[in-house]
Amino acid sequence: MDFDFTREQQAFRHEVRAWLAARVPADLKGRGFAASRADRAHVDRLRGWQRELHGARYVGIDWPREYDGRGASIMEQIILYEEMSRAEAPQPVNRGGLSMLGPTLMKHGTAVQRTRHLSKILTAEEIWCQGFSEPNAGSDLANLQTRAVLDGDFYVINGQKVWTSMAHVADWGFFLVRTDPTAPKHKGISFLLVDMKTPGITIRPLRQITGEAEFNEVFLENVRVPAANIVGGVNEGWGVAITTLAYERDVLTMIRHISLRTALERLVALAKRTKRNGHTAADDPVLRQKIASLTIAERCLALNGYRSLTRILKGQPPGPEGSTSKLFWSQVDQDLAEVATEVIGPYSQLAAPSSWAPDEGQWEFYCLLARGSGIRAGTSEILHNILSERVLGLPKD
Ligand SMILES: Cc1cc2nc3c(=O)[nH]c(=O)nc-3n(C[C@H](O)[C@H](O)[C@H](O)COP(=O)(O)OP(=O)(O)OC[C@H]3O[C@@H](n4cnc5c(N)ncnc54)[C@H](O)[C@@H]3O)c2cc1C
């Protein structure tokens, strides 16, 4: 097994490193590891940054050239994200569009849908949100009740979605709706592209434990959506959603992992400069062990990520193994947040804009945000079930 990067990949790394060194805006540098996407003005700023990245052809670099990508391998994408982490640059804001919807449209979308949407995902001209979860359909997603009824060339949608990240700033959403209530629950679902400005959509922000409102309730009342916006066929939405979720758990987890590495590097720097009783936190033998253990866990995540990568490089779709990475990542993320709290001590409770909050309160924000890591993109309990049944082949009951 060869873990080294090729000469071309190394050259690409140098090119990206130089570009980022010159271009990461000072006001965004270092603010990405515990970033919120709740504030509209900040999201607009991040749209601008994604546009700049796109101008240098650093967005969707693994997308085929016919869709305005670079046609580079996913290895280059990983190198890019590693370098962005190193440069403390924020990631592209249109994450759901780039890592979930884009690949889904390439696999299941029509030519018209691809032409209409893919390039605007790359430029962040249109930001996407994911309308899957409902009040009674989270882990049991196939239980979703939002109805879509055909009326001429339109579907009329009624129902409610919840936890919809960035719905308040999104231009479009990819929604799961029930198009055949009489079919078994996995079989009557369709995957629909919805313009978030369509009349009948009401978006109510939900305040999170961080104090910010990045996700929302979305109410749909007689929302008329062109029937041509169905992706992958009527009542075929479950299969399409599985593709999207696999990308969310696999490729997106790899990207999240790189953010975790940034946080770990900052934690090490924090431990070195945080003084207590005449010593730094990095001199404390217990904290040293905990940080070393996090570093080992981070390395394991990287190697496991490379395993998933190999699968994708061989042209295979992401498999249930992605669940291992997501599960492990969420545990390491929460452990890291806890160790940061120990390093900082009582000051860890201080939030921005207090001038006493270390790193401008980003650690306090990170610790609270990490509570959701074991919930979003599949809860840890559900991932344990998937691993037991689909990877290890244990009996369901
Ligand atoms: C930060 C964040 C962002 C999110 N963004 C989005 C988004 O953009 N779009 C979107 O559609 N959704 C989003 N979600 C929702 C997320 O996908 C759901 O919260 C998740 O799927 C769990 O569903 P639920 O909240 O309804 O919990 P439930 O499914 O009601 O689960 C409650 C508890 O019961 C456990 N449980 C449930 N079923 C089982 C079982 N069979 N075996 C063992 N334990 C079980 C769960 O593990 C959990 O602990 C987001 C969530 C978070 C935290």
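Just so you know, the residues in each chain are numbered from 1, in the order the chain's sequence is written. Only residues with pLDDT of at least 70 get local features here, since the model is predicted, and only at 80 or more are side-chain atom pairs given and counted; chain-wide, interface and lining totals rely on the full set of residues. As a convention, hydrogens and water are excluded, and side-chain values are obtained from all of the structure's heavy atoms.

Colleague: Looking at this structure, I do not really get the site of the ligand. What am I missing?
Modeller: Inspection of the region around the ligand gives 16 residues, with Q130, S139, W163, T379 and E381 positioned closest. Whenever a nitrogen or oxygen atom comes within 3.5 Å of another N or O atom, the pair is scored as a polar contact, on the condition that within protein one atom can donate a hydrogen and the other can accept it, and that pairs from neighbouring residues in sequence are kept only if both atoms are in side chains. The separation between an oxygen atom of the ligand and a polar side-chain atom of E381 is 2.6 Å. In isolation the ligand offers 980 Å² of accessible surface; the protein chains occlude 65% of this area. Helix and strand definitions here come from DSSP, where helices need a minimum of 4 consecutive H or I residues and strands a minimum of 2 consecutive E residues; each element is numbered from the N-terminal end. Counting only elements with at least two residues in the shell around the ligand, the list comes to β3 (154-165) and α11 (380-391). For the shell around the ligand, the per-class residue count stands at five nonpolar, nine polar and two charged. Consider each residue's heavy atoms; a residue with any of them within 4 Å of a molecule or strand counts as near. Note on areas: Shrake-Rupley with a 1.4 Å probe; residue coverage comes only from the protein chains shown. In the scheme used here, Gly and all other residues not listed as nonpolar or charged are polar, with Ala, Val, Leu, Ile, Met, Phe, Trp, Tyr, Cys and Pro taken as nonpolar and Asp, Glu, Lys and Arg as charged.

Colleague: What exactly am I supposed to notice about the packing of helix α9 (residues 322-344) against α11 here?
Modeller: It is the contact of α9 with α11, at a shortest axis distance of 9 Å, that shows an interaxial angle of 145°. As α9 packs across α11, the resulting crossing turns out to be left-handed. Together, S323, T324, K326, L327 and S330 of α9 and S380, L383, H384, I386 and L387 of α11 make up the contact between the two elements. Across the contact of α9 with α11, the residue classes break down as four nonpolar, five polar and one charged. Helix axes are fitted only over the stretch in contact, all axes being lines through C-alpha atoms; the angle between N-to-C directions runs from 0 to 180 degrees. For a crossing to be left-handed, the near helix must be turned anticlockwise from the far one by less than a right angle; the clockwise case is right-handed. Any two residues whose heavy atoms approach within 4.5 Å are treated as being in contact.

Colleague: Just checking my understanding: could you explain the nonpolar core for this structure?
Modeller: One broad rule of soluble globular proteins: the nonpolar side chains tend to lie buried together. Take the buried residues of types Ala, Val, Leu, Ile, Met, Phe, Trp, Tyr and Cys, join any two whose side-chain atoms come within 4.5 Å, and each joined set is a nonpolar core. Any residue under 20% of the maximum accessible area for its type is buried, any over 50% is exposed, and the rest in between are partly exposed; the area is computed with a 1.4 Å probe on protein chains only. In this structure, L20, W49, F191 and L193 are the most contacted members of the largest nonpolar core, which totals 61 residues. The element best represented in this core is helix α3 (residues 74-86), accounting for seven residues. If you look at the next biggest cluster of nonpolar residues, it comprises 25 residues, including L260, L264, I291 and W363.

Colleague: Which parts of the structure should I look at to understand unusual backbone geometry?
Modeller: What you tend to see is this: most non-glycine residues have negative phi, and most peptide bonds are trans. Between A352 and the following residue, P353, the backbone shows a cis peptide bond with an omega angle of 10°. Among the secondary structure elements, P353 is positioned in the loop between α9 and α10 (362-369). Non-glycine residue R57 carries a positive phi angle of around 65°. Of note, R57 is situated in the loop between α2 (40-55) and α3. Its relative accessible area of 38% is what places R57 among the partly exposed residues.

Colleague: Please explain the side chain of S373 as it appears in this structure.
Modeller: Residue placement: S373 occurs in the loop between α10 and α11. Under the relative-accessibility criterion, S373 is labelled buried at 4%. Side-chain polar atoms of S373 contact the side chain of D333, separated by 2.7 Å. Leave out the neighbours within four places in its chain, and S373 touches K326, W329, S330, D333 and Q334.

Colleague: In this structure, what is going on with α3? I would like to understand it.
Modeller: Spacing of three or four residues puts side chains on the same side of an α-helix, whose turn is 3.6 residues. The span expected for a helix works out to 1.5 Å for each residue beyond the first. Between the first and last C-alpha of α3 there are 18 Å, a value that for 13 residues agrees with the 18 Å anticipated at 1.5 Å per step. The buried fraction of α3 amounts to twelve of the 13 residues, a majority that puts the element mostly inside the structure. Restricting attention to buried positions, one finds in α3 the residues I74, M75, E76, Q77, I78, I79, L80, Y81, E82, E83, M84 and S85. Of the residues flanking the start of α3, the one acting as N-cap is S73, its side-chain oxygen 2.9 Å from the backbone nitrogen of M75. The first or second residue beyond α3 is E88, which carries a positive phi of 55°.

Colleague: Sorry, what's going on with a nonpolar patch on the surface here?
Modeller: Only residues whose relative accessible area exceeds 30% and that form no salt bridge enter a patch; like-charged residues are grouped when within 9 Å of one another, and nonpolar side chains (Val, Leu, Ile, Met, Phe, Trp, Tyr) when within 5 Å. The salt bridge criterion pairs a side-chain nitrogen of Lys or Arg with a carboxyl oxygen of Asp or Glu, the two atoms within 4 Å. Residues Y347, L350 and W356 make up a contiguous nonpolar surface patch of about 340 Å² in total accessible area. You can see Y347 is positioned in the loop between α9 and α10. By relative accessible area, which is 41% here, Y347 ends up partly exposed.

Colleague: Before we go on, may I ask you to explain the packing of aromatic side chains in this structure?
Modeller: Any pair of aromatic rings gets described here by the distance separating the centres and the angle formed by the planes. Aromatic contacts are taken between Phe, Tyr and Trp rings whose centres are within 6.5 Å, Trp giving its six-membered ring; a plane angle under 30 degrees counts as stacked, one over 60 as edge-to-face, and the others as tilted. Counted by the stated rule, this structure contains eleven aromatic pairs. Between W19 and Y58, the aromatic rings sit 5.2 Å apart at their centres with planes inclined by 75°, giving edge-to-face as the arrangement. On the criterion of sequence distance, the pair formed by W19 in helix α1 (residues 7-23) and Y58 in the loop between α2 and α3 is long-range, its members being 39 residues apart. For W19, a relative accessible area of 14% corresponds to the buried category. When the centroid spacing of 5.9 Å and the interplanar angle of 65° are considered together, the rings of W363 and Y366 count as edge-to-face. Of this pair, W363 and Y366 both sit in helix α10, three residues apart, roughly one helical turn. For the residue pair W363 and Y366, the accessibility class agrees, reading buried in each case. Taken together, the ring pairs connect W128, F132, W172, F174 and F191 into an aromatic cluster.

Colleague: When you look at the packing of α9 against α10 in this model, what are you seeing that I'm missing?
Modeller: The geometry of a pair of packed helices is captured by two quantities: the angle between their axes and the separation between those axes. The contact between α9 and α10 brings their axes to 9 Å, and the two run at 145°. Crossing hand, α9 versus α10: left-handed. The residues of α10 that touch α9, namely those facing D333, L336, A337, A340, T341 and I344, are W363, Y366 and C367. Its residues assigned to classes, the contact of α9 with α10 shows seven nonpolar, one polar and one charged.

Colleague: Help me out: how do you make sense of the pairing of strand β4 (residues 172-178) in this one?
Modeller: When a strand is regular, its side chains alternate between the sheet's two faces. The element β4 is extensively covered by neighbouring structure, given that seven of its seven residues are classed as buried. Neither face of β4 is open: one carries W172, F174, L176 and R178, the other G173, F175 and V177, and all of them are buried. Strands pair, by our definition, only if DSSP identifies at least two bridges between them. With seven bridges joining them, β4 and strand β5 (residues 189-195) adopt antiparallel strand pairing. Counted as the bridge partner of L176 is F191 from β5.

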